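Next come the chains, spelled out residue by residue.
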Amino acid sequence: MNAGRSAVFLDEMGIGPLWRRRGMPLAEPAAPVAVAAAAAAAAAEAEPVPAPATIAVAEPFAPVVPEAPPADDVAGMDWMRLKSTVAGCVKCGLCNGRTKTVFGVGDEKAKWLFIGEGPGRNEDLSGEPFVGPAGKLLDNMLRAIGLKRGENAYIANIVKCRPTDDTGRDRPPTPEEAAACLPYLQRQIALIQPTVLVALGKTAAVSLLELGHDTPVSSLRGTVHRYAGLPLVVTYHPAYLLRNMADKRKAWADLCLATSAYASA
Ligand code: SF4
């Protein structure tokens, strides 16, 4: 391509000025029509440019982003999230009558986890499980095996809201209410990682062991069951023991069984 044609292309492309050697005559400026004609001629004259070979470019690897657990994925919650979720839970009808949810209390790294049925009137008002006379008896039971509320022991319930009947009296939770609430307890167990579980009363025992709600506690005592791979011992609920003092002796035997299950775990 000669210097005149180069100048024409560079000018069309908006690039200039064209540097020339000193003493070299400046090319005559091309008239607009002549410029277009020259460009067309140059295009016609130009060597055919082979189409660029297609270069296969590998798709960049999509970054692997771990899927965030859904907001209501209880199994992935930490303590703070779990507590706030329970506090605002409306998963079952028990939310309608509650004053406070009763999450659980104690040492979050406890080796012993005691599981009751659900909050009663006092618990509903205070937000803490096992307060009042039944709570005092449970504290005594803990002391009998060298434990203390809040020290190596955690206390929770199957349901976190108080179940009441039509007259406003305490009642056991229904299987549906227990099933709705159980994931919270399961998450508590996973976070605490206790060594041994003690089910206090029938509701706790049959809910954890997935048995019929008419299964008597007496048929479940004296055996070390398993729940989530952990030893589970069944005993009477402290509220029952307050009404049936003679069975305290049996409850003591159950605690001894739990202690040996703990020792051999
Ligand atoms: S009992 Fe459990 S599932 Fe039902 S509303 Fe209360 S926290 Fe939610």
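As the structure is a prediction and not an experimental result, all values here were calculated from the model. (Residues numbered from 1 in each chain as written. Predicted model: local features only at pLDDT ≥ 70, side-chain atom pairs only at ≥ 80, totals over all residues.)

1. With respect to the environment of A205
Part 1 of the reasoning: Summarising the element assignment, A205 is placed in helix 7 (residues 202-209).
Part 2 of the reasoning: In sequence terms A205 and H225 are 20 residues apart; their C-alpha atoms lie 9.7 Å from each other.
Part 3 of the reasoning: Setting aside its immediate chain neighbours within four residues, A205 contacts A199, V217, L220 and V234. (Helix = DSSP H or I, 4+ residues; strand = E, 2+ residues; numbered from the N terminus. Contact = placed C-beta atoms within 7 Å.)

2. Observations regarding the site of the ligand
Part 1 of the reasoning: Taken together, 14 residues form the shell around the ligand, and within it C89, C92, C95, C161 and C181 come nearest.
Part 2 of the reasoning: At three residues, the largest contribution of residues to the shell around the ligand is made by helix 6 (residues 175-192).
Part 3 of the reasoning: Here the residues of the shell around the ligand are counted per class, giving ten nonpolar, one polar and three charged. (Near = placed C-beta within 6 Å. Nonpolar A, V, L, I, M, F, W, Y, C, P; charged D, E, K, R; others polar.)

3. Things to note about the environment of I158
Part 1 of the reasoning: Within the element layout of this structure, I158 appears in the loop between strand 3 (153-157) and helix 6.
Part 2 of the reasoning: A C-alpha to C-alpha distance of 9.2 Å links I158 and P119, two positions 39 residues apart in sequence.

4. Describing the nonpolar core
Part 1 of the reasoning: If you look at the biggest cluster of nonpolar residues, it comprises 50 residues, and the most contacted ones within it are L113, I115, V198 and A199.
Part 2 of the reasoning: The contacts of L113, once residues within four sequence positions are left out, are Y154, A156, I189, I192, P194 and L197. (Core = buried A, V, L, I, M, F, W, Y, C linked by C-beta atoms within 7 Å. Buried ≥ 20, exposed ≤ 12 C-beta atoms within 10 Å, placed from the backbone.)

5. Some points on the sheet that holds strand 6 (residues 230-235)
Part 1 of the reasoning: Reading across the sheet, the six strands line up as 1-3-2-4-6-5 and stay open at both edges, with mixed pairing between neighbours. Both edges of this open sheet fall to strand 1 (105-106) and strand 5 (225-227), since each of them pairs with a single strand only.
Part 2 of the reasoning: Where strand 4 (residues 196-200) and strand 6 come together, four bridges link them in parallel fashion. By the bridge assignment, V198 is partnered in strand 6 with V233. (Pairing = 2+ DSSP bridges.)

6. Some words on the pairing of strand 4
The two faces of a sheet get side chains in turn, since along a regular strand they alternate between them.
Part 1 of the reasoning: Burial runs high along strand 4: five of the five residues are buried.
Part 2 of the reasoning: A two-sided burial pattern is seen for strand 4, the buried positions comprising V196, V198 and L200 on one face and L197 and A199 on the other.
Part 3 of the reasoning: In the sheet, strand 2 (residues 112-116) pairs with strand 4 via four bridges, with the strands oriented parallel. Bridge assignment links W112 to a residue of strand 4, and that residue is V196.

7. Some points on the confidence of the model for the protein chain
Part 1 of the reasoning: With 73% of its residues at a pLDDT of 70 or more, the protein chain has an overall mean of 84.
Part 2 of the reasoning: A low-confidence stretch, residues 23-36 stays under pLDDT 50, and its non-local contacts, those more than four residues away or across chains, total nine contacts. (pLDDT = per-residue confidence, 0-100.)

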